[in-house]
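# Understanding the architecture of this molecule
Here are the chains, one letter per residue:
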Amino acid sequence: MTVRIELLGSSALAAYRALMLQAYAESPDAFVATVAERESQPEAFWLKRLDDRAGAQECSFGAFEGDELLGSATLAFEARPKTAHKTSLVGMYVQPAVRQQGLGRQLVQAVLQEARSRPYARVVVLTVTDGNASAEALYARCGFRRFGVEPLAMQWQGRFFNKVHMACVLVPEGIHSQ
C-alpha cells in the first residue's frame, strides 16, 4: 500500500466529513461527540478543521491511498494568551481495514511536525478512552506520556468511560514550572 500524508484543505470537505461521521458511528466510545451532533454541524464547522493557511487555529492531516481518505488527525491550537503554548490532537481516526499498517503513526508524526513548526507551541495533549491499549501504545511510541485519568469522563448508552490524558512535550529544555 502506497500512502501519502497531506494537510487537508477545503477540497477535502466531503471526504473528511464522511470519514469522521464513520468514525463517530464505528467508535462511539472513542469520541465525545455523537454522530447526530456532528451531522447537524454546518459546513463552517468542518471547514474550520480544514484550514490549510499558515498559522490556522485548527488543521487536519489525511492519509490517502490514491484519492481515498483512509484516516485523519486534527491539531487544535489554543487562542488564549495564557494557554497559547498548548495544542490538542483531536479527531484521530484510521479506517479499521487499514489499521496496524503505520497510518496512525504517520498521522501523529505529521501533527507533531506541524506543532513543532509553530514557534510558540510547547506541548500537544490528547485524551484516549481508558482500555484502548492499541491507541495508547501508538501515542506512547510517538512520544506521548500519560499524566492522568479522568474518571467518568463521558457516558454512552448507560456506560461511563474514563479518559486517559497524555502529553508530548515538544521543547523540554528551557521549560520552567513553579
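Predicted, not measured: the structure shown is a model, and the values here were computed from it. (Residues numbered from 1 in each chain as written. Predicted model: local features only at pLDDT ≥ 70, side-chain atom pairs only at ≥ 80, totals over all residues. Heavy atoms only, no water.)

## Details of the overall build of the chain
Of regular secondary structure, the chain possesses 5 helices and 7 strands. Ordered by position from the N terminus, the helices and strands of the chain form the series β-α-α-α-β-β-β-α-β-α-β-β. The C-alpha radius of gyration of the chain comes to 16 Å, within 12% of the 16 Å expected for a compact globule of 178 residues. Contacts in the chain between residues far apart in sequence, at least 24 positions, make up 61% of those at least 6 positions apart. Within the chain, one finds 19 positive and 18 negative side-chain charges whose respective centroids are separated by 7 Å. (Helix = DSSP H or I, 4+ residues; strand = E, 2+ residues; numbered from the N terminus. Rg over C-alpha atoms; globule rule 2.2 N^0.38 Å. Contact = heavy atoms within 4.5 Å. Lys, Arg positive; Asp, Glu negative; His and termini not counted. Charge placed at Lys NZ, Arg CZ, Asp CG, Glu CD.)

## Quick look at the nonpolar core
L89, M92, V108, L112, V124, Y139 and F144 are the most contacted members of the largest nonpolar core, which has 31 residues in total. For this core, the secondary structure elements donating two or more residues are β2 (58-65), β3 (68-77), β4 (86-94), α4 (103-117), β5 (123-129), α5 (133-141) and β7 (159-169). If we skip the residues at most four places from it in the chain, Y139 touches L89, M92, V108, L126, V128, F144 and M166. Formed by 16 residues, the second largest nonpolar core is a distinct cluster that contains Y24, F31, W46 and L50. (Core = buried A, V, L, I, M, F, W, Y, C linked by side-chain atoms within 4.5 Å. Buried < 20%, exposed > 50% of the residue type's maximum accessible area, 1.4 Å probe, protein only.)

## A look at the environment of R141
Relative to the elements of secondary structure, R141 occurs in helix α5. Judged by relative accessible area, R141 falls into the exposed class, the value being 51%. Sequence separation between R141 and R105 is 36 residues; the distance between their C-alpha atoms is 8.3 Å.

## Overview of helix α1 (residues 13-26)
In an α-helix, one turn spans 3.6 residues, which is why side chains three or four residues apart end up on the same side. Look at α1: 20 Å from first C-alpha to last across 14 residues, which is about the 20 Å you get at 1.5 Å a residue. Those residues of α1 that sit buried are L13, Y16, L19, M20, L21, A23 and Y24. (Expected span 1.5 Å × (residues − 1).)

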